[in-house]
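Residue-level structural notes
Spelled out, the chains give:
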Amino acid sequence: MLFRSDLNCQILSDDSPSFDLSFKIIIVGDQGVGKSCLAIKASRNYFEDFYSPTVGFEFVSFNVRVQDKIIKLQIWDTCGQEVYRSLISSFFRSASLAIIVYSIDTEDSFNNNEKWLNDIKTQSNPDIKIFLIGNKADLEDKRRLTKEQGEQLCRDHKLAFFMETSAKTGFNVQNVFIQVAKELYLQHEEIKNRISRPGTLIMPINEDSNNNVVKLEIEEEEKTKRKKFCCF
């Protein structure tokens, strides 16, 4: 069995139109925690000090090589304002992975993770993977939340991954999306293996992503022939 640590992975410098697999990732979290900054830092290695809140959605994409496959990560960065919450939830169902971001210097952003988790778990594909990210690790002198609190929340909700990052300095930013690509690659490989199993059918969730899949278990009932008996 392959594990994340076994995989060779690299973020590619160009967003080539040629790729083997494509996945949709949605980033959620409170306003001002640095969701857009994380996506932009990972894709363009750029950080903007001036804060401009996202209105609706922003979209970026880039390619990651995992083993012998080129994976395109389609990252949907969502706004954190409550007024857009119902609009955001409509995107959950078609996402392969969700990233919840909070800021280590803001307790409210951490406490509200429960609401984001509930939204994802109730409105998305039940097999969706969820990453938890504590951003703004560069603000150590203003820290209000410990790394252990993030790790505990990850364990309590059985999330796929936790990491602290800094979009400003770049600390762990690429590592997050490398882990995202590895997670989705392993999920894809697991689904491929299921295809070969008797009685299992793999179908796409929608036409836009051939990697968002649901498993339909088909139980074959044993057919018995009805015997006719004659009286003597």
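Please refer to the structure higher up on the page.
Residues numbered from 1 in each chain as written. Predicted model: local features only at pLDDT ≥ 70, side-chain atom pairs only at ≥ 80, totals over all residues. Heavy atoms only, no water.

**Digging into the pairing of strand 2 (residues 21-29)**
In plain terms, the rule: Each residue is assigned to one of three classes by its accessible area relative to the maximum for its type, calculated with a 1.4 Å probe on protein chains only: buried under 20%, partly exposed between the two thresholds, exposed over 50%. The way it works is that DSSP assigns letters per residue, a run of H or I at least four long becomes a helix, a run of E at least two long becomes a strand, and they are numbered from the N terminus. Pairs of strands are assigned from DSSP output, requiring at least two bridges between the strands.
Among the nine residues in strand 2, nine count as buried, and that is most of the element. Taking every second residue as pointing to the same face, both faces of strand 2 are buried, with L21, F23, I25, I27 and G29 on one and S22, K24, I26 and V28 on the other. Bridging between strand 2 and strand 4 (residues 69-78) involves seven bridges; their strand directions are parallel. Its bridge partner lying in strand 4, K24 is registered against Q74.

**Looking at helix 6 (residues 173-195)**
Structural remark: α-helix, 3.6 residues per turn; residues separated by three or four positions point the same way. To be explicit about the condition: Expected helix span is taken as 1.5 Å per residue step, with the number of steps being one fewer than the number of residues.
Its 23 residues place the ends of helix 6 34 Å apart at the C-alpha level, agreeing with the 33 Å of an ideal helix rising 1.5 Å per residue. Of all 23 residues that make up helix 6, 17 are buried, and the element is covered over most of its length.

**Here we look at unusual backbone geometry**
With a phi angle near 55°, K158 is a residue other than glycine that sits in the positive phi range. By secondary structure assignment, the location of K158 is in the loop between helix 5 (147-156) and strand 7 (161-164). The backbone phi angle of N172 is positive, close to 65°, even though this residue is not glycine. Structurally, the position occupied by N172 is in the loop between strand 7 and helix 6. You can call N172 buried: its relative accessible area is 18%.

This is a description of form; function is not addressed.
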